[in-house]
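Inside the fold
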Amino acid sequence: MRYLPHSDHERAEMLGVIGAANIDALFSAVPARALKSFDLGLPAHSPEFLVEAHMRALAAKNHAGADGPFFVGAGAYRHHVPATVDHLIQRSEWLTAYTPYQPEISQGTLQMLFEFQTQAAKLTGMDVANASLYDGSTGTAEAVLMARRLTRRNKIVLSGGLHPHYRDVVRAYLKDDADLQILSASPEGQGDILDHIDETTAAIVVQTPDFYGHLRNIKTAADAAHAKGALLIVVITEVVSLGLLEAPGALGADIVVAEGQSIGNALNFGGPYLGLMATRKEFIRQMPGRLCGETVDADGQRGFVLTLSTREQHIRREKATSNICTNSGLCALAFSIHMGLLGEAGFTRLARLNHAQASKLADALAGVPGVEVLNKTFFNEMTISTAQPAVALVERLAQRGILAGVPVSRLEPTDPSVVNLIVLAATELTTDADIAALTTALAEELA
Amino acid sequence: MTTKFTPDHEYIRVEGATGIVGITQFAQEALGDIVFVELPSVGKVFKKGDEAAVVESVKAASEIYAPVSGTVTEVNDTLTGEPGLVNQDPAAAGWMFKIAIADASELDGLLDDAGYAELTK
Amino acid sequence: MSMNNQGRPTGVGTSGFASTSGSALLPNEPLLFEIGDTEHSGVDLPHVTISTNRLGGFERKSPLDLAGLTEPEAMRHYVRLSRLNHSIDSGMYPLGSCTMKHNPRLNEKMARLPGFSDIHPLQPVSTVQGALELMNQLSHWLMTLTNTAAVALTPKAGAHGELLGMMAIKAAQDAAGQSHRKIVLVPESAHGTNPATAAFLGYSVKPIPAREDGTVDVQAVKDALSPEVAAIMLTNPNTCGLFEPQVIEIAQAIHDAGAFFYCDGANFNAIMGVVRPGDLGIDAMHINLHKTFSTPHGGGGPGAGPVVLSEALAPFAPVPFVRKGSNGLELVEHAEGEALGRITAFQGQMGMYVRALTYMLSHGGDGLAQAAQDAVLNANYIKARLAHAFSVPFGDYPTMHEALFDDSFLAGTGVTTLDFAKALIDEGFHPMTMYFPLVVHGAMLIEPTESESKQTLDRFCEVMEELAVDAKSGNVERFTAAPMKAPRRRLDETRAARSPILKWERSAETLKAAE
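Each value, and the rule that gives it
Residues numbered from 1 in each chain as written. Chains lettered and ligands numbered in written order. Predicted model: local features only at pLDDT ≥ 70, side-chain atom pairs only at ≥ 80, totals over all residues. Heavy atoms only, no water. Helix = DSSP H or I, 4+ residues; strand = E, 2+ residues; numbered from the N terminus. Rg over C-alpha atoms; globule rule 2.2 N^0.38 Å. Buried < 20%, exposed > 50% of the residue type's maximum accessible area, 1.4 Å probe, protein only. Contact = heavy atoms within 4.5 Å. Areas by Shrake-Rupley, 256 points an atom, 1.4 Å probe, with all protein chains shown as cover. pLDDT = per-residue confidence, 0-100. Pairing = 2+ DSSP bridges. Axes fitted to C-alpha atoms, helices over the stretch in contact; angles between N-to-C directions. Salt bridge = Lys/Arg side-chain N within 4 Å of Asp/Glu carboxyl O. Core = buried A, V, L, I, M, F, W, Y, C linked by side-chain atoms within 4.5 Å. Domains from an automatic or database assignment.

A separate point is the overall build of chain B. Across its full length, chain B carries four helices and nine strands. Reading chain B from its N terminus to its C terminus gives the helix and strand order β-β-β-α-β-β-β-β-β-α-α-β-α. The C-alpha atoms of chain B give 13 Å as radius of gyration, which agrees with the globular expectation for 121 residues (14 Å, within 12%). Each of the three principal axes of chain B carries a C-alpha extent, and together these read 35 × 35 × 20 Å. By the burial criterion, 52% of the 121 residues in chain B qualify as buried. Sequence separation of at least 24 residues holds for 57% of the intrachain contacts in chain B that already meet a minimum separation of 6. When the accessible surface of chain B is totalled, it reaches about 5,200 Å², and 51% of it is carbon and sulfur.

As structure tokens, this is what we get:
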């Protein structure tokens, strides 16, 4: 087996040093009836080329984003990732290192995390950011719990514009919680949350651009929350939007959670992604997840370490801020490299390009008979209402090689009002020809 | 003015009806460099043995228990910015909170200088 | 006070040796923000003008201030930084409980096939049948290796899997009118995530003491059982690297009391293909794909923590999951009945599923068993070779995949476990796990994994022996001043925690100069 270095001769020699008659003797603590008492019936080891053939056959059964016009968004976005990013993250020293618990020989990872935290803080306009969480959805649940610890209040209000999966994750984390108030879906972008804030509210959760693509008024939400002593959690699923839109920190957000996949990370059918979390300086000690900080070594040289770890499970055990153990290190690295390549100049151009393509898409869709664009505002994503049920329509378009977006009813199956709605996104990868292909096909299907 | 000790290494310095609470020299040495002190809020009411504060070193967090029942009347806010005072001067500048002693008889159950010295010998 | 002084010391040690960092091949690398600026960019994108935007007046007014680098500058920055890291590819990484095994590059290549990497989690299921098939195949391997009835693939990491497994237990008990069960038993040697997870779900944690030999006594479990106990969270093989010999009896006792057995599967790599946890009576167990099935650790994630479930818990698995339908494979995305709902957006760590299945197919059932046996062989070999110079806490019986030593061999030397570990750095090895498990004083937990050759193990043992001899001979400074040959000397963690600096900020002088 190509991954196992020992020859049988060496194994025998090592057993001799140990003083064990055979390998089973080392498993003597295992109850006899449980040790190798079965035939797994799994295939035997296989050469690289056969494994590759097997995996290629599976991959070939999927329609990849590059195979045709592509407008799927709704929380994960197809952007270009520079070749440099993927090359660098595959370097051994990044890919095959562990969590930087030995800072003297992990300065690469640690400095990168420090740079990543700085980038995340600047993007969101917040004081501090952590070294990443699993993804945006679990990050939102963590933010909700953090807000409860900070305010010692319980009521949480989720805006109707929050991504339905994010809402469902919060619901699972707070199972049967009477203090969780979930507002109904708001595909028209109607403001819905301000009337639900009271003196028992720990936090309100507002997404912008929201699930349907509308831009929400963060300042108003922040003022309303703060007037009652509640916190505002802002959720962002499309982090590229921050290249054009005001930073939530500048508008009064208390905790910002973002899905960082758009920068540096492929779609990967849903994961691995990375959650960004940023907050105010005074809230650091209630923030979950790893933090990297600057210090000096014994010679006075600048260096970096994981810090404030008394918040974490390996020290606080049952009193920890979260049970979270890993961050999303390699995805954070990809994000940080891509953002470092973009810089402010590139990131702003990228955001403008996304908005420009989305504007073309919106205008083109508005011209298709039977299609209504619901958005007055958007960044790179919008909701349309069509004359037909969306699931079947999107399926027919897929058969024509066009991935036309996400039928809202796939995420909201029990809400009859969304049956005809589709959420579509455009990015820098969306071409004018793609848009033309979509509108032509849509017009034909709806005719 | 007397100082009493708990077997958990808190001290309480009694000044009239008020007790000043902190951790002992022995405790600060065992914990190593203190990097953060979480203090109770003024007005908080504790029963003897309640968790009243937390001191953190880089790798550990330790709870400070109320040595007697009572109400917190003042906390040492200086520790927020200078947690190292607990290491440098635990008995004086490193005090943590003052408590209005609800039941002075609880003090009798605590250790005196000799008793604590014996414990940490 | 609780006098919690567990864990490793954090001082910077004694100075007095010249720094070796900043040498020719290990340059000090400035921060991205010190070499880049807001005008440079390594990505060519057209500048488009937008005549009428649809941003509703929410345009950015505050500065972004993100530093950019051109491509050659970026390449150099990240290559230079990378060289400051130890990695499995560059040397042995014997971190106990972390399982730093070889990461085959075929896994990486497969994960990057556009058919896996360039598919969207919400595109029509008819267009991702190969992805669903892959999830099905991975599920089949995981269920077969564990002899369990179901698997929930979505957890993003081991701790997330624990959370899911315990949520499933809670849901099952709520459904059965057993909501009064509020206690979870956790052995003292458990990983910190176990009590953190139980507490998160509102359980109170009741610790179970370890026996002298480092394992859990079934009698101690029986003594702790009551009608209020919801579950036990037991790691097997445990955190001391030992297989729990009474695990079947413990499972029986737990089930007799109407409770569930959550097994922390962090160490499944020691028994894969050799022992099936389902045969031991577990109800739920997470499997860290990044440990057992070699998806890369990536400097701290991403992980993946699928959870296998017994027949009793299978109905409580979260969405989404794959099942056979009339038109091929279906993705069930909405909870039916009493199921948990959803614990993450989308389908979980697909990129890790691809890598793990690739690894499984490469090894085959036979190769996985051989890998587990080699991992156990290697740990016992280290233990046998070092037993004379080090101190073994739990006596002379076989360990599983880890060799555990305590610090009694260092008594009176003035050298701590931490110092010893730092000296190992100067010899080119990553330190072992230190001060964990907490039940052993000054613990050194060594996990070689199956990936190390006998030559490497011999070299490692020689270095360890030589260090032990040197420590006992009084050469204290070699240890307390270590590391001396790493890119940095010991770092001041106290300073970092007392006044945290968590991001780069322009210095006052820079700001002034910019005016």
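Once you've had a look at it, read on.
Looking at chain C, pLDDT values average 92 and 94% of them are 70 or higher. The low-confidence segment residues 13-21 of chain C, where pLDDT is below 50, has 26 contacts with residues more than four positions distant or belonging to other chains.

All names here are of chain C. The mixed open sheet is built from seven strands, whose spatial order is 1-7-6-5-4-2-3. Edge positions in the sheet fall to strand 1 (150-152) and strand 3 (204-208), since each of these pairs with one other strand and no more. On average, each strand axis in the sheet is tilted by 25° relative to the strand beside it, whichever way the strands run. As defined by bridge partners, strand 4 (residues 229-235) adjoins strand 5 (residues 260-264) across five bridges and the pair is classed as parallel. Across the sheet, the residue bridging to Ile232 is Phe261, located in strand 5. In this fold helix 6 (residues 158-175) packs onto strand 1, strand 2 (183-187), strand 4, strand 5, strand 6 (284-286) and strand 7 (307-309), with an angle of close to 175° to the strand it touches most, strand 5. Along the sheet face, helix 7 (residues 193-200) touches strand 2, strand 3, strand 4 and strand 5 and points at about 160° away from the line of strand 4.

Next up on the list: the pattern of salt bridges. Scanning the entire structure with this criterion turns up 51 salt bridges over all chains. Among the ionic pairs, Lys121(B) bridges to Glu118(B), the shortest N-O distance being 3.5 Å. Across the pair, Glu118(B) and Lys121(B) agree in class, each one exposed. Where Arg80(C) meets Glu29(C), a salt bridge forms, and the shortest distance between an N and an O atom there is 3.4 Å. Placement of Arg80(C) in helix 2 (residues 71-82) and of Glu29(C) in the segment before helix 1 (32-35) is noted, with a sequence separation of 51 residues between them.

This next bit is on the pairing of strand 8 (residues 70-75) of chain B. All names here are of chain B. When strand 5 (residues 45-46) meets strand 8, the two strands line up antiparallel, connected through two bridges. Its bridge partner lying in strand 8, Val45 is registered against Thr71. Relative to strand 9 (residues 97-101), strand 8 runs antiparallel, the two being bridged by five bridges. Residue pairing in the sheet places Gly70 in a bridge with Ile101 of strand 9.

Below, the discussion takes up unusual backbone geometry. Each neighbour pair has its own omega, and for Thr208(A) with Pro209(A) the value is -10°, a cis peptide bond. As for its position among the elements, Pro209(A) is in the loop between strand 4 (201-207) and helix 8 (218-227). Despite not being glycine, Arg152(A) has its phi angle at roughly 55°, a positive value. With respect to the helices, strands and loops of the structure, Arg152(A) is situated in the loop between helix 6 (136-151) and strand 2 (155-158). Backbone geometry places Ser294(C), a non-glycine residue, at a positive phi of 65°. Assessed through its relative accessible area of 1%, Ser294(C) is described here as buried.

In terms of nonpolar packing, the biggest core is built from 123 residues, with Phe27(A), Leu142(C), Leu185(C), Phe293(C), Phe390(C) and Phe420(C) touching the most fellow members. At 18 residues, the largest contribution of residues to this core is made by helix 12 (residues 350-386) of chain C. Of the domains in this structure, domain 1 (108-361) and domain 2 (371-498) of chain C are the two that each give at least three residues to this core. The contacts of Phe420(C), once residues within four sequence positions are left out, are Phe390(C), Phe409(C), Leu410(C), Val415(C), Met432(C), Met444(C), Met464(C), Leu467(C), Ala468(C) and Phe479(C).

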